[in-house]
Amino acid sequence: QVQLVESGGGLVQAGGSLRLSCAASGSIFSINAMGWYRQAPGKQRELVAGITSGGSINYADSVKGRFTISRDNAKNTVYLQMNRLKPYDTAVYYCNAVIRLGPPGLDYDYWGQGTQVTVSS
């Protein structure tokens, strides 16, 4: 069984910073892409940032220049450093990982439980 455990959400004033972490554990052979998504009330879940096993990164336009995604492959952990937060960043943030359980295996999509980020104006 594989688990993704997130931490680091909370309440912050506009202009502040938060750092999210997501650690994957379990019977993992390898982790391909990892990423962060968010879902605000009444809206669809959207990609915030993603990073491949090779280090290629992409960001949503709304967070470029403010958020930084990184990963520690030795710890099976992905991070999201969020700076200059704005009220519209308020959402539940979900970690996602594409994980291979064993060779030659299929890749499976896993999600964390979500962590609330609230930015007050």
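S.K.: Requested: an account of the environment of L101, with residues and values cited.
M.R.: Mapped onto the elements of the fold, L101 is located in the loop between β9 (91-100) and β10 (107-111). Once the C-alpha coordinates of L101 and L85 are considered, the two residues, 16 residues apart in sequence, prove to be 36 Å apart. Residue contacts for L101: discarding those within four places in its chain leaves V2, S27, F29, L106, Y108 and Y110.

S.K.: If you had to explain the packing of aromatic side chains to someone new, which residues and values would you point to?
M.R.: Applying the stated rule across the entire model yields one aromatic pair. For R19, the ring lying beneath its charged end belongs to Y79, and the centroid distance is 4.2 Å. One cation-aromatic arrangement involves R45 over W111; the distance from NZ or CZ to the ring centre is 4.7 Å.

S.K.: Please provide a residue-by-residue account of the sheet that holds strand β3 (residues 18-26), values included.
M.R.: The sheet built from four strands is open, its strands ordered β1-β3-β8-β7 with antiparallel pairing. At either margin of the open sheet sits one strand with a lone partner, and together these are β1 (2-7) and β7 (67-72). In this sheet, neighbouring strand axes are inclined to one another by 15° on average, regardless of whether the strands run parallel or antiparallel. Of the strand pairs in this sheet, β7 and strand β8 (residues 77-82) are connected by six bridges, and their pairing is antiparallel. Bridge pairing in β8 places T68 opposite Q81.

Rules used throughout
- Residues numbered from 1 in each chain as written.
- Predicted model: local features only at pLDDT ≥ 70, side-chain atom pairs only at ≥ 80, totals over all residues.
- Heavy atoms only, no water.
- Helix = DSSP H or I, 4+ residues; strand = E, 2+ residues; numbered from the N terminus.
- Contact = heavy atoms within 4.5 Å.
- Phe/Tyr/Trp six-rings, centres within 6.5 Å; stacked < 30°, edge-to-face > 60°.
- Lys NZ or Arg CZ within 6 Å of the ring centre and 35° of its normal.
- Pairing = 2+ DSSP bridges.
- Axes fitted to C-alpha atoms, helices over the stretch in contact; angles between N-to-C directions.

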